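Residues per chain, in single letters:
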Amino acid sequence: GENVEQHPSTLSVQEGDSAVIKCTYSDSASNYFPWYKQELGKGPQLIIDIRSNVGEKKDQRIAVTLNKTAKHFSLHITETQPEDSAVYFCASQGAQKLVFGQGTRLTINP
Amino acid sequence: NAGVTQTPKFRILKIGQSMTLQCTQDMNHNYMYWYRQDPGMGLKLIYYSVGAGITDKGEVPNGYNVSRSTTEDFPLRLELAAPSQTSVYFCASSYSKPRPPPYEQYFGPGTRLTVT
């Protein structure tokens, strides 16, 4: 079945620096790649997504890139702020089912 | 809109007990899902439903049952609870019409279940 690998599992950056989280997927039929942010005690919240006909998408300080040939996609957060501290999940979807990565705990140090 | 709501927020069960986790969405979404999240892990799909009266197994369905009698509600039933079912459970829903898939999923706040 579909498998999604996410790295790193933990990431600590200084406030104002950039953070990058990377994911690889196995199913070449996957065509939708969302990223979720999960704050402590809450459910995952969609922050950005990208579809397979697009190579890059940006929303303010957040960007996602997709390389379908290599089957990997990445989340980039620039000018990090304390409120960016959370667990981030990537996911891939071919038909109806989302398959999630293992998550990255991002800590922004003041 | 309240979005996706789940009850209860927390529950402790004894081994062998049963319970139902409730999930309701008010966004008129056709698709609904149940996931479990174990510590340090991603979410794994338990069951999903593409509409009222239609349900299907996900990756980890053993020990669980679901029903979907209305568009709004998608309860998850645990029969004979086991310690391996200690987890955080998330319900989600997504649009299905009129666009073709894939569809963005919206998650509830979760239910933290402990089985001892």
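Quick note: structure is the one above.
Structural notes, computed from the coordinates. Values in this document were obtained by computation on a predicted structure and should not be read as measured data.

The rules behind these values
Residues numbered from 1 in each chain as written. Chains lettered and ligands numbered in written order. Predicted model: local features only at pLDDT ≥ 70, side-chain atom pairs only at ≥ 80, totals over all residues. Heavy atoms only, no water. Phe/Tyr/Trp six-rings, centres within 6.5 Å; stacked < 30°, edge-to-face > 60°. Helix = DSSP H or I, 4+ residues; strand = E, 2+ residues; numbered from the N terminus. Buried < 20%, exposed > 50% of the residue type's maximum accessible area, 1.4 Å probe, protein only. Pairing = 2+ DSSP bridges. Axes fitted to C-alpha atoms, helices over the stretch in contact; angles between N-to-C directions. Contact = heavy atoms within 4.5 Å. Disulfide = S-S within 2.5 Å. Buried area = accessible area lost by both parts, 1.4 Å probe. Salt bridge = Lys/Arg side-chain N within 4 Å of Asp/Glu carboxyl O. Polar contact = N/O pair within 3.5 Å; in protein donor to acceptor, adjacent residues only side chain to side chain.

## Focus on the packing of aromatic side chains
Phase 1 of the analysis: A full pass over the atoms with the stated rule returns 14 aromatic pairs over all chains.
Phase 2 of the analysis: Relative to F100 of chain A, the ring of F89 of chain A lies with its centre 6.5 Å away and its plane at 85°, an arrangement referred to as edge-to-face. With F89 of chain A in strand β9 (residues 86-93) and F100 of chain A in strand β10 (residues 98-100), this residue pair connects regions lying 11 residues apart in the sequence. F100 of chain A shares its class with F89 of chain A; the two are buried.
Phase 3 of the analysis: On the basis of an interplanar angle of 40° and a centroid distance of 5.5 Å, the ring pair of Y35 of chain B and F107 of chain B is categorised as tilted. Taken together, the residues span a long stretch of sequence, with Y35 of chain B in strand β4 (residues 31-37) and F107 of chain B in strand β10 (residues 105-107) at a distance of 72 residues.

## Section: the sheet that holds strand β7 (residues 62-67) of chain A
Residues and elements named next belong to chain A.
Phase 1 of the analysis: Within the open sheet, the 5 strands sit side by side as β1-β3-β8-β7-β6. Their pairing is antiparallel. The open sheet has two edge strands with one neighbour each: β1 (4-7) and β6 (56-59). Within the sheet, the average angular offset between the axes of one strand and its neighbour, ignoring direction, is 15°.
Phase 2 of the analysis: One ladder, built from 6 bridges, connects β7 with strand β8 (residues 72-77); its direction is antiparallel.

## Quick word on the environment of G51 of chain B
Residue and element names in this part refer to chain B.
Phase 1 of the analysis: Inspection of the secondary structure assignment puts G51 in strand β5 (residues 43-51).
Phase 2 of the analysis: A C-alpha to C-alpha distance of 5.9 Å links G51 and Y31, two positions 20 residues apart in sequence.
Phase 3 of the analysis: Each residue touching G51, except ones within four places of it in the same chain, is listed here: N30 and R68.

## A short note on the state of the cysteines
Phase 1 of the analysis: If you walk through the whole model with that rule in mind, you get 2 disulfides over all chains.
Phase 2 of the analysis: Here C23 of chain A engages in a disulfide with C90 of chain A; their sulfurs sit 1.9 Å apart. Here the S-S torsion is close to -100°, and the disulfide linking C23 of chain A with C90 of chain A is therefore left-handed. Here C23 of chain A, found in strand β3 (residues 19-25), pairs with C90 of chain A, found in strand β9; they are 67 residues apart in sequence, far enough to count as distant.
Phase 3 of the analysis: Owing to a relative accessible area of 0%, C90 of chain A belongs among the buried residues under this scheme.
Phase 4 of the analysis: Each sulfur of the disulfide joining C23 of chain B and C91 of chain B lies 1.8 Å from the other. What sets the handedness of the C23 of chain B and C91 of chain B disulfide is the S-S torsion sign, and at about -70° it is left-handed. Highlighted residues: C23 of chain B in strand β3 (residues 19-25) and C91 of chain B in strand β9 (residues 87-94), separated in sequence by 68 residues.

## A few points about the sheet that holds strand β1 (residues 4-7) of chain B
Residues and elements named next belong to chain B.
Phase 1 of the analysis: Sheet architecture is open: 4 strands sit in the order β1-β3-β8-β7, paired in antiparallel fashion. A single partner strand is all that each edge strand has here, and the edge strands are β1 and β7 (64-66). Ignoring which end each strand starts from, the neighbouring axes of this sheet average 20° apart.
Phase 2 of the analysis: Across 3 bridges, the pairing between β3 and strand β8 (residues 76-78) is antiparallel. Across the sheet, the residue bridging to T20 is R77, located in β8.

## Considerations on the interface of chain A and chain B
Phase 1 of the analysis: Contact residues are listed per partner, giving 21 residues for chain A and 22 residues for chain B.
Phase 2 of the analysis: Of the roughly 1600 Å² buried between chain A and chain B, counting both surfaces, carbon and sulfur atoms make up 55%.
Phase 3 of the analysis: Across the pair E104 of chain B and R51 of chain A runs a salt bridge whose closest N-O atoms are separated by 3.2 Å.
Phase 4 of the analysis: Joining chain A to chain B, the criterion identifies 3 residue pairs in polar contact (both at pLDDT 80 or more).
Phase 5 of the analysis: Mapped by element, the contributors of at least two residues to the side of chain A that touches chain B are β4 (32-38), β5 (45-51), β9 and β10 of chain A.

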